[in-house]
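Notes for the structure review
Below, each chain spelled out in residue letters.
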Amino acid sequence: MKLIASYTSPYARKVRIALAEKKIECDFVEESPWAAQTTVPNYNPLGKVPVLVLDDGTTLFDSRVIVEYLDTVSPVSRLIPEPNRQRIVVKRWEALADGVCDAAVAIVLEGKRPARQQDKDWLDRQRGKIDLGLKELGNELGERAWCNGEAYSLADIATGCALAYLDLRHAAIDWRAAYPNLVKLAEKLAKRSSFAETIPPTP
Ligand SMILES: N[C@@H](CCC(=O)N[C@@H](CS)C(=O)NCC(=O)O)C(=O)O
């Protein structure tokens, strides 16, 4: 099995953390979907990473599908609870955290365009998604130990990856000042070896 991904993608980090938590061996193939000679479209017609290539050649994308697959192939450290209601709550957390990443990535991409072509309304719109997304993450976490209550889950992994991606690409967004409960969660997550071993390289 191999994971085609970049080290900085927050979606790929979510998958790498899931692999580590579940103690699943997997080769890592570093690929930038933006490189001129990228092979990513050979594996994912959408040209995005991460992609998981199974031993029989089956390709899985996107990160949410990959993580769900990984959680079912090994019973070690269940990341998505089985009861339907709890499962959906965790998937909602993942959608919210990934959505914050989507907006953060969109701003990075817009920032790569020549200054005169950048659309301020579009940038503001994406920033609004980050701000409201963070507010919802903070509200939903409240004073709980973990996002889904008492047990560590995919919700924590997705939230931790989104917060770390903001630190990596949008250091000016001071989510720490506004959400001490998210800070506490991020600090707790940083102590897990799965998080410590997947820290993205600083650009
Ligand atoms: N929803 C997808 C998002 C994947 C994604 O947008 N990945 C970025 C890298 S962070 C990418 O490959 N972008 C290339 C492109 O949009 O063409 C997932 O969860 O895997």
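Residues numbered from 1 in each chain as written. Predicted model: local features only at pLDDT ≥ 70, side-chain atom pairs only at ≥ 80, totals over all residues. Heavy atoms only, no water.

**Points about the sheet that holds strand β2 (residues 27–30)**
Rule in force here: By the convention used here, strands pair only if DSSP detects at least 2 bridges between them. Helix numbers and strand numbers start at the N terminus; a helix is a DSSP run of H or I with at least 4 residues, a strand a run of E with at least 2.
Taken together, four strands build an open sheet; the order of strands is β2-β1-β3-β4 and the sheet is mixed. Every other strand in the sheet has two partners, leaving β2 and β4 (59–60) as the edge strands with one partner each. Bridge analysis of strand β1 (residues 2–5) against strand β3 (residues 51–53) gives three bridges, and the strand direction is antiparallel. Note that in β3 the partner of I4 across the bridge is V51.

**A short note on the site of the ligand**
As a reminder, the rule being used: If a single non-hydrogen atom of a residue is within 4 Å of a molecule or strand, that residue counts as near it. Polar contacts, as used here, are pairs of N or O atoms within 3.5 Å; protein pairs need one atom able to donate a hydrogen and one able to accept it. Residues neighboring in sequence count only if both atoms are side-chain atoms. Method for areas: the Shrake-Rupley scheme with a 1.4 Å probe, in which residue coverage is limited to the protein chains shown. Any residue with an atom within 4 Å of a point lines the site, the site being either a cavity, points on a 1 Å grid over the protein atoms alone where a 1.4 Å probe fits but cannot get out, or a pocket, an open set with protein on both sides within 12 Å along at least 5 of 7 lines. Each molecule is checked against the cavity or pocket grid, and it sits inside if more than half of its atoms lie within 2 Å of the grid points. For this classification, the nonpolar set comprises Ala, Val, Leu, Ile, Met, Phe, Trp, Tyr, Cys and Pro, the charged set comprises Asp, Glu, Lys and Arg, and every other residue, Gly included, is treated as polar.
In the vicinity of the ligand, the contacting residues are S9, Y11, P33, W34, G47, K48, V49, P50, D62 and S63. At 2.8 Å from a nitrogen atom of the ligand is found a main-chain nitrogen or oxygen belonging to V49. D62 is positioned with one of its side-chain polar atoms (N or O) 2.9 Å from a nitrogen atom of the ligand. Protein contact buries 82% of the 510 Å² of open area that the ligand shows by itself. Its atoms largely coinciding with the cavity grid, the ligand occupies the largest pocket. Here the residues of the shell around the ligand sort into five nonpolar, three polar and two charged.

**Digging into the domain arrangement of the protein chain**
Spelled out, the test is: These domain limits were set by an automatic method or by a database of domain assignments. The contact criterion used throughout is that any non-hydrogen atoms of two residues lie within 4.5 Å. Summed over both partners, the accessible area (1.4 Å probe) lost when two parts come together is defined as the buried area. We count a salt bridge whenever a side-chain nitrogen from Lys or Arg sits within 4 Å of a carboxyl oxygen from Asp or Glu.
Split by domain assignment, the protein chain resolves into domain 1 (2–73) and domain 2 (84–192). Spacing between the C-alpha centres of domain 1 and domain 2 amounts to 21 Å. Taken together, the contact between domain 1 and domain 2 spans twelve residues of the former and 19 residues of the latter. The contact between domain 1 and domain 2 buries some 1,300 Å² in all, and 58% of this surface belongs to carbon and sulfur atoms. When the area that domain 1 buries against domain 2 is broken down by residue, the three leading residues are Y11, K14 and R64, summing to 39%. The interface formed by domain 1 and domain 2 includes six salt bridges. Linking domain 1 with domain 2 are eight residue pairs in polar contact (both at pLDDT 80 or more), by the criterion used here.

**Topic: the pattern of salt bridges**
Defined as follows: Under the scheme applied here, a residue whose accessible area is under 20% of the maximum for its type counts as buried, over 50% as exposed, and between as partly exposed, the area being computed with a 1.4 Å probe on protein chains only.
Taken as a whole and assessed by the stated rule, the structure comprises 16 salt bridges. E21 is the salt-bridge partner of R192, the closest N and O atoms lying 3.0 Å from each other. Of this pair, R192 sits in the loop between α8 (180–190) and α9 (193–196) while E21 sits in helix α1 (residues 10–21), and the two are 171 residues apart along the sequence. What makes R192 partly exposed here is its relative accessible area of 26%. Taking the relative accessible area as the measure of exposure, E21 reaches 9% and is therefore buried. Among the salt bridges present, the one from E94 reaches K91, with a minimum N-O distance of 3.4 Å. Note that E94 and K91 are positioned in helix α4 (residues 84–111) at a spacing of three residues, about one turn of the helix. A single burial state applies to E94 and to K91, both of which are buried.

**Some details on the layout of surface pockets**
As a reminder of what qualifies: Grid points are joined across faces, edges and corners, and a volume is the space filled by probe spheres set on the points.
Size it by volume and the largest pocket reaches roughly 770 Å³. Along its surface, the largest pocket is lined by 27 residues, and S9, Y11, W34, V49 and V105 are the ones closest to its centre. Secondary-structure elements contributing two or more residues to the lining of the largest pocket are α1, α3 (63–73), α4 and α6 (154–169). Counted by class, the lining of the largest pocket contains 13 nonpolar, seven polar and seven charged residues. Taken domain by domain, the lining of the largest pocket gets at least three of its residues from each of domain 1 (2–73) and domain 2 (84–192).

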